[in-house]
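Working through the structure, step by step
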Number of protein chains: 2
Amino acid sequence: MSGGRITGPEIERLIQLLARLPGLGPRSARRAALHLIKKKDQLLGPLAEAMQVALDEVRVCSTCGNIDTADPCFICADPRRDPTIIVVVEDVADLWALERAAAVSARYHVLGGSLSPLDGVGPDDLNVAGLIERARDPAVTEIVLAVNATVEGQTTAHYVTDQLAGAAVKVSQLAHGVPVGGELDYLDDGTLAAAIRSRTEF
Amino acid sequence: MSGGRITGPEIERLIQLLARLPGLGPRSARRAALHLIKKKDQLLGPLAEAMQVALDEVRVCSTCGNIDTADPCFICADPRRDPTIIVVVEDVADLWALERAAAVSARYHVLGGSLSPLDGVGPDDLNVAGLIERARDPAVTEIVLAVNATVEGQTTAHYVTDQLAGAAVKVSQLAHGVPVGGELDYLDDGTLAAAIRSRTEF
């Protein structure tokens, strides 16, 4: 009855942009927009500013592909990191996961995705050339492939390994097995088979 | 191993603010932040700008409590709306729901919540005084209580009705009954009893 317009164009635009965030649909975007407008000083203002800062200052590290306000990023610039190991991940989110777990104190290389012909992602879409270049550094002795245990991740691992054939580095991959806290009854056959195959002495 | 810091303070702050949006937890806030940074031009920039616009221009309508960039809001200012009816809602989200449904072409009054002693929300926290004032306008003949069919909503409806006792207006409420598309087998006893009680001629 109001010509389909339920609110002003400014609020409508905010809702539509919020709805494009992963995890938010149209309904939750409306809730989020209302929440932001109700909490102008505590949330909307600081968030608008944080986004502007991210927009102005965040860049991709030209060495490893991580994101930071500095280039090289704080990980590449950290002299305490083991310089002999490069951990290869598909995405920055994977790098964050490994850092949260404090799993390794090395440097990373972010490929920017995984090979997926169905999604049109080919070798040229991944930052493999940069990795080959870094692997030529005599200080680097090991490349750890920390890619997802999916078909795409494993295909990518094989491709990267082939490309690294000429470099004098050891190429390793994450162990496959029973997740810590996992119950055997709930695990898939592939994981169980891998866990048996790679069993270690108790 | 990096002292708990997995990314720069600017990105960390963006993640923490995003995590305060309803519907986003810490993990989805990280995904959202990465998504925003990957789509700087298409999403992060426009969203930062839309938030700044909302911050600068969106205000609460001093007549009805709706939010808009104008005061009075576009609904209060719309001369085609029925001036005899005021639809009372708890929240702007409810106003949006009624507008989306094009359920009524009248004006609204947003209470800003519902009476809830457990949550510390009392009569003074709701915009009831403004409604009494508006109900005194001789042009207004009916107040429709479009509050939630919850205990808090119904308590609020009773309170508002008491306060309106002196005004020469008819006070009505939304019909209770079977939702359109609803199956009887899945409905609660209260809804079924209300649907029988308020049955209409076929």
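One can find the structure itself at the top, above this paragraph.
Residues numbered from 1 in each chain as written. Chains lettered and ligands numbered in written order. Predicted model: local features only at pLDDT ≥ 70, side-chain atom pairs only at ≥ 80, totals over all residues. Heavy atoms only, no water.

1. Examining the nonpolar core
Among soluble globular proteins, nonpolar side chains are generally buried collectively. Counting 82 residues, the largest nonpolar core has Leu18(A), Met51(A), Leu18(B) and Met51(B) as the members making the most contacts within it. When neighbours within four sequence positions are excluded, Met51(A) is seen to be in contact with Leu14(B), Leu18(B), Leu36(B), Leu44(B), Leu47(B), Ala48(B) and Met51(B). (Core = buried A, V, L, I, M, F, W, Y, C linked by side-chain atoms within 4.5 Å. Buried < 20%, exposed > 50% of the residue type's maximum accessible area, 1.4 Å probe, protein only. Contact = heavy atoms within 4.5 Å.)

2. Regarding the relation of the copies chain A and chain B
Mapping chain A onto chain B calls for a rotation angle of 180° and an axial translation of 0.0 Å; the resulting RMSD is 0.0 Å. Both copies are brought into coincidence by an operation consistent with a two-fold rotation axis. Using C-alpha coordinates, one finds that chain A approaches the rotation axis most closely at Ala48(A), a distance of 2.5 Å. Both copies contact each other with a shared surface, as 100% of the interface residues of chain A are interface residues in chain B too. (Least-squares fit on C-alpha atoms with pLDDT ≥ 70 in both.)

3. Comments concerning the sheet that holds strand β4 (residues 106-110) of chain B
Strand pairs in the sheet, formed through backbone hydrogen bonds, run parallel or antiparallel to each other. All names here are of chain B. Overall, parallel pairing links the four strands, which are arranged β4-β3-β5-β6 in an open sheet. Each of the sheet's edge strands pairs with one partner strand only, and the pair in question is β4 and β6 (170-173). Taking the axes of each pair of neighbouring strands and ignoring which way they run, one obtains an average angle of 25° across the sheet. Two elements, strand β5 (residues 142-145) and β6, share four bridges in a ladder whose sense is parallel. By the bridge assignment for β6, Ile-143 is matched with Val-171. (Pairing = 2+ DSSP bridges. Helix = DSSP H or I, 4+ residues; strand = E, 2+ residues; numbered from the N terminus. Axes fitted to C-alpha atoms, helices over the stretch in contact; angles between N-to-C directions.)

4. Re the environment of Arg199(A)
Among the secondary structure elements, Arg199(A) is positioned in the segment after α7 (189-197). The spacing of Arg199(A) and Gly177(A) is 22 residues in sequence and 8.5 Å in space, taken between C-alpha atoms.

5. Focus on the interface of chain A and chain B
Taken together, the contacts link 56 residues of chain A with 56 residues of chain B. A combined buried area of about 5,700 Å² lies between chain A and chain B, and 71% of that area is made up of carbon and sulfur atoms. Counting the contacts that link chain A with chain B gives two salt bridges. For Asp91(A), the salt bridge identified is with Lys38(B), shortest N-O distance 2.7 Å. Connecting chain A to chain B are 10 residue pairs in polar contact (both at pLDDT 80 or more). Of all the secondary structure elements, the ones that give two or more residues to the side of chain A that touches chain B are α1 (9-18), α2 (26-38), α3 (40-57), β2 (67-68) and α4 (92-100) of chain A. If you tally residues by element for the side of chain A that touches chain B, the top one is α3(A), at 15 residues. Here the residues of the side of chain A that touches chain B sort into 32 nonpolar, 10 polar and 14 charged. (Buried area = accessible area lost by both parts, 1.4 Å probe. Salt bridge = Lys/Arg side-chain N within 4 Å of Asp/Glu carboxyl O. Polar contact = N/O pair within 3.5 Å; in protein donor to acceptor, adjacent residues only side chain to side chain. Nonpolar A, V, L, I, M, F, W, Y, C, P; charged D, E, K, R; others polar.)

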